[in-house]
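Fold and geometry: a report
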Amino acid sequence: MKLHVIASSSEGNAYAIEGEGETLLIEAGAPFEGTLKAIGYQVKKIVGCLVTHEHGDHAARVKELADYCVDVWASPGTVEKIAGKLKPQAARCLRSFRREEGAEVYDTFTLGGFEVTPFATRHDSAEPVGYYIQHPQAGGILFATDTYYLRPTFAGLRHVLIECNHDADKLQANAAGRIHGMTPELARRIRESHLSLQTCLSTLQANDLGRVNEIVLIHLSKNNGDPKAFKKAVETATGIPTYIARPGLTIDFNINPF
Ligand SMILES: [Zn+2]
């Protein structure tokens, strides 16, 4: 099994988890051509695409997936927002999952051999979610982005893809100096919708990482982040090999690394 990073930033997000006979896509915020190229144009292997929320950098390209009849899965609130921007023909590819009233975690559903459990995240969008995914070839995979906080913890993790958006101190300094167009108001919005390095570290440490093969840091801010420093901080805190998601990155995603 392999992870392909097609795009990972506020400009666009798209990932593919490719197995021998089936591929799961996550996010539809980058040109679909890039995803197709990454998976060798094997469209028939795609079992579906999971979308976390309706913002353009995660969902603007749903129409392109619909052209290939790929099912796009999201929460009911997200589906409603996305559907409002699509022609009825394209909106037919949208699928939503359910949760019991007030529950943090949604009902588990399967796409091919992928068992998917969505969970609530905290972001300035209608009904954002992250995903806990299990597959016999890969083990447990956490995918969490665009959230300032992550309440649930996850058992059986082998692979972690987690947002590491900004350094809280750097964001504050940029806002105070109005550097890179940052204002105190914008800084507040970022703090209340994206995961800082500091919260990313405490979230990782709240989970059992004993069997995690690698951590992939996603959705870094260009101006408020520092890829080298983030990688070092996470590796030092966890002792686990850490990657910064960038277009073209492919990682072995088998359950056992060797
Ligand atoms: Zn967003």
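A few points on the structure. (Residues numbered from 1 in each chain as written. Predicted model: local features only at pLDDT ≥ 70, side-chain atom pairs only at ≥ 80, totals over all residues. Heavy atoms only, no water.)

**So, the coordination of the zinc ion**
Every protein donor of the zinc ion is accounted for by His 53 (NE2), His 55 (ND1), His 123 (NE2) and Asp 146 (OD), and the metal-donor separations fall at 2.2 to 2.7 Å. Relative to the metal, the four donor atoms surrounding the zinc ion lie at angles of 85 to 177 degrees, and the coordination shape comes out irregular. When the donors of the zinc ion are listed by position in the chain, the intervening gaps give H-x1-H-x67-H-x22-D. Of the two residues, His 55 is situated in the loop between strand 4 (46-50) and helix 2 (56-59) and His 123 in the loop between strand 8 (114-120) and strand 9 (129-135); the sequence distance between them amounts to 68 residues. (Donors = N, O, S within 2.8 Å, 3.2 Å for Na, K, Ca; no water. Tetrahedral: all angles 85-135°; square planar, octahedral: opposite > 155°, others 65-115°. Helix = DSSP H or I, 4+ residues; strand = E, 2+ residues; numbered from the N terminus.)

**Focus: unusual backbone geometry**
You will see that Tyr 41, though not glycine, has its phi angle at about 60 degrees, which is positive. With respect to the helices and strands, Tyr 41 occurs in the loop between helix 1 (32-38) and strand 4.

**Regarding the sheet that holds strand 7 (residues 109-111)**
Here we have seven strands laid out as an open sheet, ordered 7-8-9-10-11-12-13, and mixed in their pairing. Edge positions in the sheet fall to strand 7 and strand 13 (242-244), since each of these pairs with one other strand and no more. The mean inter-strand angle of the sheet, taken between neighbouring strand axes irrespective of direction, is 20 degrees. Inspection of the sheet shows strand 9 paired to strand 10 (residues 139-144) by five bridges, in the antiparallel sense. Bridging across to strand 10, Ile 133 finds its partner in Ile 141. Across the sheet, helix 8 (residues 197-206) is in contact with strand 11 (157-163) and strand 12 (214-218); its angle to strand 11 comes to roughly 160 degrees. (Pairing = 2+ DSSP bridges. Axes fitted to C-alpha atoms, helices over the stretch in contact; angles between N-to-C directions. Contact = heavy atoms within 4.5 Å.)

**A word on the pattern of salt bridges**
The full count for this structure, using the stated rule, is 10 salt bridges. Here Arg 99 makes a salt bridge to Glu 127, at a shortest N to O gap of 3.7 Å. Here the residue Arg 99 occupies a position in the loop between strand 6 (94-96) and strand 7, and Glu 127 occupies one in the loop between strand 8 and strand 9, the gap between them amounting to 28 residues. Assessed through its relative accessible area of 34%, Arg 99 is described here as partly exposed. By relative accessible area, Glu 127 is classed as buried at 15%. With its nearest N and O atoms 3.3 Å apart, the salt bridge here joins Glu 235 to Lys 231. Taken together, the residues Glu 235 and Lys 231, both in helix 9 (residues 227-238) and four residues apart, mark about one turn of the helix. On the basis of relative accessibility, which here comes to 28%, the residue Glu 235 falls in the partly exposed class. Lys 231 gets classed as partly exposed once you look at its relative accessible area, which sits at 33%. (Salt bridge = Lys/Arg side-chain N within 4 Å of Asp/Glu carboxyl O. Buried < 20%, exposed > 50% of the residue type's maximum accessible area, 1.4 Å probe, protein only.)

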